[in-house]
Amino acid sequence: LKLLTRTGVASTGVASASSSAAGDGALAAELAAAVKRIEEAANKKLDRALAKMQDAAAKAEKKREEAERRLIESMEKRVDKAMDRTSKRLEEVLNHAVEASSVNAARTMQAAFRTCLAESLVPAFDAAAREMMGQVAKALVTSVGMTSAVSSSSSGASMTPASSAPAHTPVPSPSPMPTTSMPMMPAPSGGTIPTPAPPAAVMPECLRSIAAQLGESLTAANFNEAFQQVLSLTDLEGVVYMCRTCEPSAAAPELSQLVLLSLLSQLNTYMQEGKMMPGTPESSAVLSWIAEGSEAVDPSDQQFSAAARSILDGLNQTLRDTLTSVPGHADYDAVRRSAMAVHLALRAL
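Residues numbered from 1 in each chain as written. Predicted model: local features only at pLDDT ≥ 70, side-chain atom pairs only at ≥ 80, totals over all residues. Heavy atoms only, no water.

## Observations concerning the overall build of the protein chain
Then step 1. Scanning the protein chain for helices and strands turns up eleven helices and zero strands.
Then step 2. Tracing the protein chain from N to C terminus, the helices and strands come up as α-α-α-α-α-α-α-α-α-α-α.
Then step 3. Each of the 349 residues in the protein chain was classed as buried or not, and the buried ones make up 26%.
Then step 4. In the protein chain, the share of contacts with a sequence separation of at least 24, taken over all contacts with a separation of at least 6, comes to 71%.
Then step 5. Total accessible area on the protein chain is roughly 22,200 Å²; 59% of this is exposed by carbon and sulfur atoms. (Helix = DSSP H or I, 4+ residues; strand = E, 2+ residues; numbered from the N terminus. Buried < 20%, exposed > 50% of the residue type's maximum accessible area, 1.4 Å probe, protein only. Contact = heavy atoms within 4.5 Å. Areas by Shrake-Rupley, 256 points an atom, 1.4 Å probe, with all protein chains shown as cover.)

## Points about helix H6 (residues 236-245)
Then step 1. In terms of residue burial, H6 counts as a mostly covered element, since eight of its ten residues are buried.
Then step 2. Three or more residues of H6 are buried, namely Leu 236, Gly 238, Val 239, Val 240, Tyr 241, Met 242, Cys 243 and Thr 245.
Then step 3. Summarising the contacts, the buried residues of H6 are in contact with helix H4 (211-219), helix H5 (223-231), helix H8 (257-272) and helix H9 (281-295).
Then step 4. The residue sitting at the N-terminus of H6 and contributing the capping side-chain oxygen is Asp 235; that oxygen lies 3.0 Å from the backbone nitrogen of Glu 237. (Polar contact = N/O pair within 3.5 Å; in protein donor to acceptor, adjacent residues only side chain to side chain.)

## Re a positive patch on the surface
Then step 1. A cluster of basic residues, Lys 44, Lys 45, Arg 48 and Lys 52, forms a positive patch at the surface.
Then step 2. With respect to the element layout, Lys 45 can be found in helix H3 (residues 24-163). (Patch = residues over 30% accessible without salt bridge, like charges linked within 9 Å, V, L, I, M, F, W, Y side chains within 5 Å. Salt bridge = Lys/Arg side-chain N within 4 Å of Asp/Glu carboxyl O. Lys, Arg positive; Asp, Glu negative; His and termini not counted. Charge placed at Lys NZ, Arg CZ, Asp CG, Glu CD.)

## Here's the deal with unusual backbone geometry
Then step 1. The backbone of Ala 221 shows a phi angle near 60 degrees, a positive value even though the residue is not glycine.
Then step 2. You can see Ala 221 is positioned in the loop between H4 and H5.
Then step 3. Relative accessible area serves as the criterion here: at 45%, Ala 221 is assigned to the partly exposed category.
Then step 4. Positive phi is not limited to glycine here, since Thr 234 has a value of about 50 degrees.
Then step 5. If you trace the backbone, Thr 234 turns up in the loop between H5 and H6.

So, in structure tokens, the structure goes:
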């Protein structure tokens, strides 16, 4: 149409063509060419428009991708920061929980260890020592019996000349001697028998089987071994005999904490069973050993602190009951001194 308008003769050409049959073919060809040119121009404009639209779409897609990438990066950074903060906080909480659990576990283990020492170690030691010393005692019985037989034979031979004396000379009959290798110490005129041991005649029957080994330990001033031998028998008479035999101020510091606590425990049992008679050498020896033994308890030994507290608590209660239940006790001053020593030892723990 633009082409026909530009020519200015479209209507005239058309009228002429309709009137002239010869010009119909030329007009149709010209119209076909004009339509073709119009189509080509329209196609070019359409292609340019489509190209612009594609460019715009491509740019929009790039912007969208860029915006999406930036959003993802921003979210990743925020998530990483949040994870770092959460991890640090969680680590702090876990460390605090682990430390608290460790402290509680350590306290629980210490309490369990102390209870085990107080309830198991001392009795287990007594049982093991008793079994060991029982085996040793069996081996010593034979040797002590043989020694007694030889001693009896020697005594009979030494008495033979006396039997041949004149009739007017009285011959004293020898007194029987107990079967023991402990030396007999003569009592001094007046007063009690000092350290070492009292005469062998007062030695309890329970110690006869270990008399030789016990005498060697006392002679060598090995008080710890001597008391360990006697305590393993769990016989209170033998324990009291050892308390009378050994001076507490010299022997108590030489005892190990285990032997010392075992001794104090058995002395407490001796008092609780009512076997201690006031005003006797036995009661004086027992109270002196309680006082000196309490002073010898080592408060810095954490291994036996729980056992020491348990045993000293029992002794403290027994001594207080003795003071309050027996008015005018013959050993009142000694009981009070022992109670004070036990109280100070408890405070030191």
